[in-house]
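Residues per chain, in single letters:
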Amino acid sequence: MAEWTFLTNHAHVLLCIAQDSETRLRDIADAVGITERATQRIVAELEEAGYLQRIRDGRRNRYSLNRDLPLRHPLERDHMVGEILSVLGAPRKGAGDGNE
């Protein structure tokens, strides 16, 4: 029987970044259970949609999240991405929220 979860890989990646704004793509991929290439694609899509900003810091990337954007599905558009992150235990200030 196939496993399923309530959250998408996009949500899982965003949650990992919210918990550690300097996390490596390799570590995100391991935590989410997807390939590093899939993680790169998801981060690029989240960045293109404005949910995160990638900041080059030497040889590493640091991420800043925009928690004030609405969720994308029509049933969820009345809620901001920050609400989901807060419910799942991601800190509001500090790691990865753009309010550092």
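Structure shown above.
Quick caveat: nothing in here was measured; it's all calculated off a predicted structure.

About the cut-offs
Residues numbered from 1 in each chain as written. Predicted model: local features only at pLDDT ≥ 70, side-chain atom pairs only at ≥ 80, totals over all residues. Heavy atoms only, no water. Pairing = 2+ DSSP bridges. Helix = DSSP H or I, 4+ residues; strand = E, 2+ residues; numbered from the N terminus. Core = buried A, V, L, I, M, F, W, Y, C linked by side-chain atoms within 4.5 Å. Buried < 20%, exposed > 50% of the residue type's maximum accessible area, 1.4 Å probe, protein only. Polar contact = N/O pair within 3.5 Å; in protein donor to acceptor, adjacent residues only side chain to side chain. Contact = heavy atoms within 4.5 Å.

**Q** Any chance you could explain the pairing of strand E1 (residues 52-57) here in plain terms?
**A** The side chains of a regular strand alternate, first on one face of the sheet and then on the other. Both E1 and strand E2 (residues 60-65) contribute to a ladder of 6 bridges, which runs antiparallel. The partner of Asp57 across the bridge, within E2, is Arg60. Connecting E1 to the antiparallel partner E2 that follows it, the hairpin turn spans 2 residues, and Gly58 within it adopts a positive phi of roughly 65°.

**Q** Would you mind going over the nonpolar core with me for this structure?
**A** Grouped burial of nonpolar side chains is what soluble globular proteins tend to show. If you look at the biggest cluster of nonpolar residues, it comprises 22 residues, and the most contacted ones within it are Val13, Ile17, Ile28, Val43, Leu46, Leu52 and Leu65. Put simply, the parts of the chain that give this core at least two residues each are helix H1 (9-19), helix H2 (25-32), helix H3 (36-48), E2 and helix H4 (81-87).

**Q** How should I be thinking about the side chain of Asn61 in this particular structure?
**A** Residue placement: Asn61 occurs in strand E2. Among the residues examined, Asn61 registers a relative accessible area of 18% and is labelled buried. A polar atom in the side chain of Asn61 sits 3.2 Å from the side chain of Arg56. Every residue in contact with Asn61, bar those within four places of it in the chain, is listed here: Ser21, Glu22, Arg54, Ile55 and Arg56.

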